[in-house]
Amino acid sequence: LTERLQNAFSKLRRKGKITESDVRDMMREVRLALLEADVNFTVVKNFVNTVRDRALGADVLDSLTPAQQVLKIVNEELTKTMGDTAVPLNKAPHIPTIIMMVGLQGAGKTTTAGKLALKLKNEEHARPLMIAADIYRPAAVDQLVTLGKQIDVPVFEQGTDHDPVDIVKAGLDQATLQKNDYVIIDTAGRLQIDQQLMDELVRIKALAHPNEILLVVDAMTGQNATEVAKGFNDDLDITGVVLTKLDGDTRGGAALSIRAVTGKPIKFTGQGEKLEDLDVFYPDRMANRILGMGDMMTLIEKAQKDYDAKEAEKMAEKMRENTFDFNDFLDQMGQIQNMGPVQDLMKMIPGMANNPAAQNLNIGDKDIDHLKAIVYSMTPQEREQPELLNPSRRRRIAAGSGRSVQEVNRMIKQFNMSKDMMQKMSKGNMSGMEGMFGG
Ligand code: GDP
Ligand code: MG
């Protein structure tokens, strides 16, 4: 999904000015990308129509950054399709809050039950009880018991010889006695939806009156995940979805279709096999992920808001003439300070979150004063000709500024990195910056 969209966008971006037919071409690519990612056909159709109508508006075509505007619209509509905002777990007015996990075999119900219990324990100091109501796979009860031990959460089980409804009833009684604030019911699955399974789940629901019926679906199953979601929702009127295995090589289409087809929110995503790998689902972040751009929109918006375009132009000019010096460096520090911690900004750039370069640019608020002190200890000539800064001059500057030689060296390194960055932006406006981030 990501690659195809990115190609389409970079094609659009290279054009600068775009026409109506460019937008239509672009929308064809978006449509194909979504279909390839197994997004439901009707969802794709509605999505593409909405984006196209917005993108063909005069304000987009006439804008100075049309490609960016289109990207922004796609991003916004993706977010909207997935529900706009994160939806928290339902809570019961009186304890316990009862959560019922449902889904096909292998989707990740049991694992997610454990992950959720751990999350509640860690974040709310909750005392959950898990109930083992999958009596069909012999190992299922053991699996939950083992998970419970790992995270120190009690598991109610009666082996595999009782009716699951009776097990749930006994488990709920125990939770009431022991004042557990959450009960998580792990149920059986099948390879496909079948009536027998649904009947059992309907009976458990009727008995337990769960506050939350979480459908667990495997994101890797693409189009099928949407069918499954529809099937479960028709019979059980689910309250939310957990999309698992998003850590895998999934095309991510399920996230888009499920909300649109069932009208039910995705509440969590599974990001791995470890018990910590459960995240709250944020539609905007997922949209960014689908577009493969980290938090790039946030970054661009932030940069546009805070970075003075005239100032940037002036700097770029200096870069072109290679006159960017330590005086400009100081100005730049001020600009960057206005934008927030550099590391935070760098993290929003795709691929930079774990890049050592981002860590090296370690410029915090209080460091700025030190940097200033160092620059002020340079002679005017040194400030304008940084290449003069040989070891003996560096030692003198260190002594003069009360900073260590290492610090002076580090700051000169930062200066050079900053200069590098400026060079990449030296097309002279934000599209230069866009080129750098979109790359
Ligand atoms: P159930 O049959 O629905 O209870 O599924 P399980 O909880 O037993 O999970 C089936 C398999 O999927 C197990 O091997 C899990 O470790 C794995 N699994 C579950 N959630 C995730 C996830 O988010 N990412 C990955 N990579 N594996 C997962
Ligand atoms: Mg299971």
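Residues numbered from 1 in each chain as written. Chains lettered and ligands numbered in written order. Predicted model: local features only at pLDDT ≥ 70, side-chain atom pairs only at ≥ 80, totals over all residues.

A. Structural context of the site of ligand 1. Around ligand 1, the surrounding shell holds 19 residues, and the nearest of these are Gly108, Lys109, Thr110, Thr111 and Gly270. The element that contributes the greatest number of residues to the shell around ligand 1 is helix α6 (residues 109–124), accounting for three residues. Counted by class, the shell around ligand 1 contains two nonpolar, twelve polar and five charged residues. (Near = placed C-beta within 6 Å. Helix = DSSP H or I, 4+ residues; strand = E, 2+ residues; numbered from the N terminus. Nonpolar A, V, L, I, M, F, W, Y, C, P; charged D, E, K, R; others polar.)

B. Layout of the sheet that holds strand β5 (residues 212–218). Read across the sheet, eight strands follow the order β3-β2-β4-β1-β5-β6-β7-β8 without closing on themselves; strand pairing throughout is mixed. Of all strands in the sheet, those bounded by a partner on one side alone are β3 (155–156) and β8 (278–280). Relative to β8, strand β7 (residues 266–270) runs antiparallel, the two being bridged by three bridges. Each bridged residue has a counterpart across the sheet, and for Phe268 the counterpart in β8 is Val280. Where α6 meets the sheet, it contacts β1 (97–102), β2 (128–133), β4 (182–187), β5, β6 (240–244), β7 and β8, and its direction lies at approximately 170 degrees from that of β4. (Pairing = 2+ DSSP bridges. Contact = placed C-beta atoms within 7 Å. Axes fitted to C-alpha atoms, helices over the stretch in contact; angles between N-to-C directions.)

C. Geometry of the pairing of β1. Taking burial as the measure, the six residues of β1 include six buried ones, the bulk of the element. On β1, burial covers both faces: Thr97, Ile99 and Met101 on one face and Ile98, Met100 and Val102 on the other are all buried. Sheet topology places β1 next to β4; five bridges connect them, and they run parallel. Residue pairing across strands places Met101 opposite Asp186, the latter belonging to β4. The sheet contact formed by β1 and β5 spans four bridges and is parallel. Across the sheet, Val102 pairs through a bridge with Leu215, a residue of β5. (Buried ≥ 20, exposed ≤ 12 C-beta atoms within 10 Å, placed from the backbone.)

D. Region of interest: the environment of Leu116. With respect to the helices and strands, Leu116 occurs in helix α6. Taking C-alpha positions, Leu116 is 8.5 Å from Ile184, a pair spaced 68 residues apart along the chain. Beyond its immediate sequence surroundings of up to four residues, Leu116 is in contact with Ile184 and Leu278.

E. Main features of the pairing of β4. For β4, a buried count of six out of six residues is recorded, marking the element as mostly surrounded by other parts of the structure. Residue alternation in β4 divides its side chains into two sets, Tyr182, Ile184 and Asp186 and Val183, Ile185 and Thr187, and both sets are buried. As paired strands, β2 and β4 are joined by six bridges and run parallel to one another. Following the sheet pairing, Pro128 is matched in β4 by Tyr182.

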